[in-house]
Amino acid sequence: MKQIGRIHTKEEFFETYRIVKQIGFKNINADLMIGLPNQTIQDVKDSLQELISLNLNHISVYSLIIEENTKIEKMISEGKLNLPEEEIERNMYWYVKNKLELSGYKHYEISNYAKKGYKSKHNLNCWNQNEYIGLGVAAHSYLNNIRYCNTSDLEKYIDFMTKEHNQFSWEIGWESLPKYIGHKIYNINTKEIAIVNWDTGFPRLLNENGKEIKCSCSDFRGENAVWQYKVGEKYL
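Position labels on residues start from 1 in each chain and follow its written sequence. Totals for whole chains, interfaces and linings use all residues, but because this is a predicted model, local features are given only for residues with pLDDT of at least 70 and pairs of side-chain atoms are given and counted only at 80 or more. Working from all heavy atoms in the structure, the side-chain values ignore hydrogens and water.

*Asks:* Explain the packing of aromatic side chains here, please?
*Replies:* Each aromatic ring pair is specified by the distance between its two centres and by the angle formed by the two planes. Here a pair means two rings of Phe, Tyr or Trp (six-membered ring of Trp) with centres within 6.5 Å. Their orientation is stacked below 30 degrees between planes, edge-to-face above 60, and tilted elsewhere. For the coordinates displayed, the defined rule picks out two aromatic pairs. Pairing Phe-13 with Phe-14 gives two aromatic rings, centres 5.0 Å apart and planes at 75°, and the pair type is edge-to-face. The exposure class assigned to Phe-14 is partly exposed, which follows from its relative accessible area of 27%. Centroid distance Tyr-93 to Trp-94: 5.3 Å. Interplanar angle 80°. Geometry classified as edge-to-face. Note on classification: 1.4 Å probe, protein chains only; a residue is buried when its accessible area is under 20% of the maximum for its type, exposed when over 50%, partly exposed between these limits. Take Tyr-93: its relative accessible area is 30%, and that puts it in the partly exposed class. Note on Trp-94: relative accessible area 43%, which makes it partly exposed.

Below, the structure is given as structure tokens:
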């Protein structure tokens with residue numbers, strides 16, 4: 001786990017499981033990762049068997065994804081870490097799938113397996129394109145056909161939530177304006193309300209009387225961004 005930057009150990013995982021089980025949680029999920037540096041099929045078999053022995057209701061299985069400009073990506077490019085060959089990782093996937101299904105788990109979504117009655121409501125909600133609200137730093141949400149996420153900067157998040165406008169709102173980039181057609185947005189400086197319009201094939205802001213509000217691209221970018229969207233405010 002240390003090789004991929006995780007700060008917990010296998011022993012800590014089992015201790016945490018013991019604690020939540022003792023507290024009284026009955027619906028517990030565990031994640032298993034495959035395709036890790038230097039991981040073998042036998043490693044996967046052993047880890048999977050240990051999870052199955054816990055009688056978990058839900059197990060998620062993810063392949064390691066290498067993101068650019070990360071420490072692990074640098075170590076792999078320098079030859080300090082070696083990933084399993086593609087064929088080996090494919091065999092890991094099929095072994096996990098077959099083993100879990102033979103152990104009573106339903107493979108109901110790309111990375112998720114569940115016992116009867118324990119499919120993740122959140123996963124199904126996302127796959128069915130239903131709305132959801134994410135709370136907290138870096139949380140993602142989907143409302144009014146718009147996907148957005150909160151800042152990943154803890155200090156900025158705390159600062160924003162302690163201000164008077166501590167509603168679900170965020171700055172709008174000029175390039176993303178088409179997503180807000182028919183929605184109300186507001187100017188954090190003037191408190192002016194505008195409706196995003198696209199009747200000319202180009203984004204325009206109209207006040208509630210239909211009069212155009214002058215604006216420029218800079219009003220939507222960087223530190224000068226003044227237009228924001230509040231969740232739930234829709235004109236059409």
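*Asks:* Whenever I open this one, the nonpolar core confuses me. Can you help?
*Replies:* For soluble globular proteins, the rule of thumb is that nonpolar side chains tend to be buried together. By size, the foremost hydrophobic cluster in this structure holds 18 residues, and its most contacted members are Leu-51, Leu-56, Ile-59, Val-61, Val-96 and Leu-100. Helix numbering and strand numbering both begin at the N terminus, where a helix is a DSSP run of H or I of at least 4 residues and a strand a DSSP run of E of at least 2. At the level of secondary structure, the elements contributing two or more residues to this core comprise strand S1 (29-34), helix H2 (41-53), strand S2 (58-63) and helix H4 (86-102). With four residues, the single largest contributor to this core is H2. Buried Ala, Val, Leu, Ile, Met, Phe, Trp, Tyr and Cys residues that are joined via side-chain atoms within 4.5 Å together make up what is termed a nonpolar core. In terms of nonpolar packing, the next biggest core, distinct from the first, is built from eight residues, Leu-177, Tyr-180, Ile-213 and Trp-227 among them.

*Asks:* How should I be thinking about the sheet that holds S2 in this particular structure?
*Replies:* Backbone hydrogen bonds hold the strands of a sheet together, and the pairing may be parallel or antiparallel. Pairing is mixed across the open sheet formed by four strands, whose spatial order is S1-S2-S4-S3. Each end of this open sheet is capped by a strand with a single partner; those strands are S1 and strand S3 (106-109). Across the sheet, the mean angle from the axis of one strand to that of its neighbour is 30°, orientation sign disregarded. For this analysis, residues touch if any pair of their heavy atoms sits within 4.5 Å. For helices, the fitted axis covers only the stretch in contact; all axes are lines through C-alpha atoms, and the angles between them, taken along N-to-C directions, range from 0 to 180 degrees. Strands S1 and S2 of the sheet are contacted by H2, whose axis makes an angle of about 175° with S1. Across the sheet, H4 is in contact with S1, S2, S3 and strand S4 (112-114); its angle to S1 comes to roughly 150°. If DSSP finds at least two bridges between two strands, the strands pair.

*Asks:* Explain the side chain of Gln-39 to me, please; I cannot follow it from the model alone.
*Replies:* Within the secondary structure layout, Gln-39 lies in the loop between S1 and H2. Distance and chemistry together define a polar contact, namely a pair of N or O atoms within 3.5 Å, with one atom able to donate a hydrogen and the other to accept it when in protein, and with adjacent residues in sequence counting only for side-chain atoms on both sides. Among the polar contacts listed, one links the side chain of Gln-39 to the backbone nitrogen of Gly-35, at a separation of 2.8 Å. Contact partners of Gln-39, with chain neighbours within four places excluded, come to Met-33, Ile-34, Val-44, Pro-84 and Met-92.

*Asks:* I'm lost on the pairing of S1 in this one. Help?
*Replies:* Within a regular beta strand, the side chains point alternately toward one face of the sheet and then the other, so they alternate between its two faces. Two elements, S1 and S2, share six bridges in a ladder whose sense is parallel. If you follow Ala-30 over to S2, its bridge partner there is Ile-59.

*Asks:* Before we go on, may I ask you to explain the packing of H2 against H4 in this structure?
*Replies:* To characterise two packed helices, one gives the angle between the axes of the helices and the distance between these axes. Between H2 and H4, the least distance of the axes is 10 Å, while the angle of their chain directions is 25°. By the angle between their directions, the pair H2 and H4 is classed as roughly parallel. The crossing of H2 and H4 is right-handed. Facing H2, whose interface residues are Ile-41, Val-44, Lys-45, Leu-48, Gln-49 and Ile-52, H4 presents Ile-88, Asn-91, Met-92, Tyr-95, Val-96, Lys-99 and Leu-100. Nonpolar residues are Ala, Val, Leu, Ile, Met, Phe, Trp, Tyr, Cys and Pro. Charged residues are Asp, Glu, Lys and Arg, and all others, Gly as well, are polar. The class makeup of the residues in the contact of H2 with H4 is nine nonpolar, two polar and two charged. Here is the rule for angles: anything less than 35 degrees is roughly parallel, anything more than 145 is roughly antiparallel, 65 through 115 is roughly perpendicular, and the remaining ranges are oblique. We call a crossing left-handed when the near helix sits turned anticlockwise from the far one by less than a right angle, and right-handed when that turn is clockwise.

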